[in-house]
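Here is how the chains run, residue by residue.
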Amino acid sequence: MSRAVIAFGANLGDREATIAGAVRELAEVPGVELAAVSPVYETPAITDAGVDLDAPGYLNGVVIVETTITPHALLAALHEIEASHGRQRLKHWGDRTLDLDLIDVDGLVIDDTGLQLPHPRAWQRAFVLQPWLDLEPDAVLPGRGRIAALRAAAPDEVTRR
Ligand SMILES: Nc1ncnc2c1ncn2[C@@H]1O[C@H](COP(=O)(O)OP(=O)(O)OP(=O)(O)O)[C@@H](O)[C@H]1O
Ligand SMILES: Nc1nc2c(c(=O)[nH]1)N=C(CO)CN2
């Protein structure tokens, strides 16, 4: 059994309904059991150009699951759930109905073309670190250290809903 940290984000459509649906669908994936769901945060959109206050804001949070499936299979399941919520990949860091990222699986380090673990940008994102910290205050990101210290250094703003 592995423990996986999954980050969710949504800034288009009915964000709450999308996230609630995605969490339900995740719990229905064979071999996946929900362990914890974080509080949800309102966060301004980060784009290639930096913080974009004109773009719709995101709801962000984190889910922790216990799973018997491989990280690759879990990522494939996340992509299916994104697709079922109309996720389109139009623009790098563009608006999206749903984003599901695999952040950490048991501290594994993987560097495939289709899967990198830990998620390469999680260490600098308060919108990932803060909700994760709410669930696991002592967690560590492989190669980066304690998420509490990373969260303190992350520049983006998050507001609890
Ligand atoms: N740990 C991971 N979690 C999610 N996707 C990953 C991971 N590692 C590699 N990928 C790959 O990254 C590709 C791009 O993912 P995606 O479109 O979700 O990026 P993004 O959400 O726009 O940006 P970011 O990766 O910075 O959050 C996906 O096709 C996926 O296969
Ligand atoms: N606030 C916020 N900004 C983002 C987010 C996100 O989840 N929240 N995801 C991105 C690409 O994954 C790019 N920018």
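The model shown is predicted, which means the values in this text are computed figures rather than measured ones. (Residues numbered from 1 in each chain as written. Chains lettered and ligands numbered in written order. Predicted model: local features only at pLDDT ≥ 70, side-chain atom pairs only at ≥ 80, totals over all residues. Heavy atoms only, no water.)

1. As for the nonpolar core
Then, in step 1: By size, the foremost hydrophobic cluster in this structure holds 26 residues, and its most contacted members are I6, L26, V65, L74 and L102.
Then, in step 2: Within the residue set of this core, elements represented by two or more residues are β1 (2–10), α1 (15–27), β6 (58–67), α2 (71–84) and β7 (99–105).
Then, in step 3: With five residues, α2 is the single largest residue contributor to this core.
Then, in step 4: Once residues within four sequence positions are removed from consideration, I6 is found in contact with L26, G61, V62, V63, V65, L74, L78, L100, D101, L102 and I103.
Then, in step 5: Of all hydrophobic cores here, the second largest spans 19 residues; its members include Y41, A126, A139 and I147. (Core = buried A, V, L, I, M, F, W, Y, C linked by side-chain atoms within 4.5 Å. Buried < 20%, exposed > 50% of the residue type's maximum accessible area, 1.4 Å probe, protein only. Helix = DSSP H or I, 4+ residues; strand = E, 2+ residues; numbered from the N terminus. Contact = heavy atoms within 4.5 Å.)

2. Points about the packing of aromatic side chains
Then, in step 1: Going through the model one piece at a time under the given rule, you end up with zero aromatic pairs.
Then, in step 2: Its guanidinium or amino end placed over the ring of W123, R144 lies 4.1 Å from that ring's centre, counting from NZ or CZ. (Phe/Tyr/Trp six-rings, centres within 6.5 Å; stacked < 30°, edge-to-face > 60°. Lys NZ or Arg CZ within 6 Å of the ring centre and 35° of its normal.)

3. Let's talk about the site of ligand 1
Then, in step 1: Surveying the vicinity of ligand 1 reveals 15 residues, the closest of which are R89, L102, Q116, R121 and R125.
Then, in step 2: D101 is positioned such that a nitrogen or oxygen atom in its side chain is 3.1 Å from an oxygen atom of ligand 1.
Then, in step 3: In the environment of ligand 1, a nitrogen atom lies 2.8 Å from a nitrogen or oxygen atom belonging to the backbone of Q116.
Then, in step 4: Burial of ligand 1 by the protein amounts to 81% of the accessible area it has alone, namely 620 Å².
Then, in step 5: With respect to the detected pockets, ligand 1 is housed in the largest pocket.
Then, in step 6: Going through the elements one at a time, α2 and β7 are the ones with two or more residues in the shell around ligand 1.
Then, in step 7: At three residues, the largest contribution of residues to the shell around ligand 1 is made by β7. (Near = heavy atom within 4 Å. Polar contact = N/O pair within 3.5 Å; in protein donor to acceptor, adjacent residues only side chain to side chain. Areas by Shrake-Rupley, 256 points an atom, 1.4 Å probe, with all protein chains shown as cover. 1 Å grid on protein atoms, 1.4 Å probe; cavity = no way out; pocket = protein on both sides within 12 Å on 5 of 7 lines; lining within 4 Å. Sits in = over half its atoms within 2 Å of the grid points.)

4. Re the site of ligand 2
Then, in step 1: Lining the immediate surroundings of ligand 2 are T43, P44, A45, I46, Y58, N60, W93, R96, D99 and F127.
Then, in step 2: Within the contact set of ligand 2, an oxygen atom lies 2.9 Å away from a side-chain nitrogen or oxygen of D99.
Then, in step 3: Coverage of ligand 2 by the protein chains reaches 96% of its 340 Å² of free accessible surface.
Then, in step 4: Judged by the fraction of its atoms near the pocket grid, ligand 2 is located in the largest pocket.
Then, in step 5: Broken down by secondary-structure element, the contributors of at least two residues to the shell around ligand 2 are β4 (45–47) and β6.
Then, in step 6: Residues belonging to the shell around ligand 2 are distributed by class as follows: six nonpolar, two polar and two charged. (Nonpolar A, V, L, I, M, F, W, Y, C, P; charged D, E, K, R; others polar.)

5. A few points about the side chain of T97
Then, in step 1: With respect to the element layout, T97 can be found in the loop between α2 and β7.
Then, in step 2: There is a polar contact of 2.8 Å between the side chain of T97 and the backbone oxygen of H85.

6. Focus: the confidence of the model for the protein chain
Then, in step 1: Across the protein chain, the average pLDDT comes to 96, with 99% of residues at 70 or higher.
Then, in step 2: Interface confidence for the predicted complex, given as ipTM, is 0.97, next to a pTM of 0.97. (pLDDT = per-residue confidence, 0-100.)

7. Describing the layout of surface pockets
Then, in step 1: Empty space within the largest pocket amounts to approximately 900 Å³.
Then, in step 2: Forming the boundary of the largest pocket are 41 residues, of which D99, D101, H119, R121 and R125 lie nearest the centre.
Then, in step 3: For the lining of the largest pocket, the secondary structure elements donating two or more residues are β1, β4, β6, α2, β7 and α3 (126–135).
Then, in step 4: Here the residues of the lining of the largest pocket are counted per class, giving 18 nonpolar, twelve polar and eleven charged. (Points joined across faces, edges and corners; volume = space filled by probe spheres on them.)

8. Focus on the packing of α1 against α2
Then, in step 1: Between α1 and α2, the least distance of the axes is 10 Å, while the angle of their chain directions is 145°. Crossing hand, α1 versus α2: right-handed. Residues A22, E25 and L26 of α1 form the contact with α2, whose own contacting residues are L78, I81 and S84.
Then, in step 2: Here the contact of α1 with α2 is composed, by residue class, of four nonpolar, one polar and one charged. (Axes fitted to C-alpha atoms, helices over the stretch in contact; angles between N-to-C directions. Left-handed = near helix turned anticlockwise from the far one by under 90°.)

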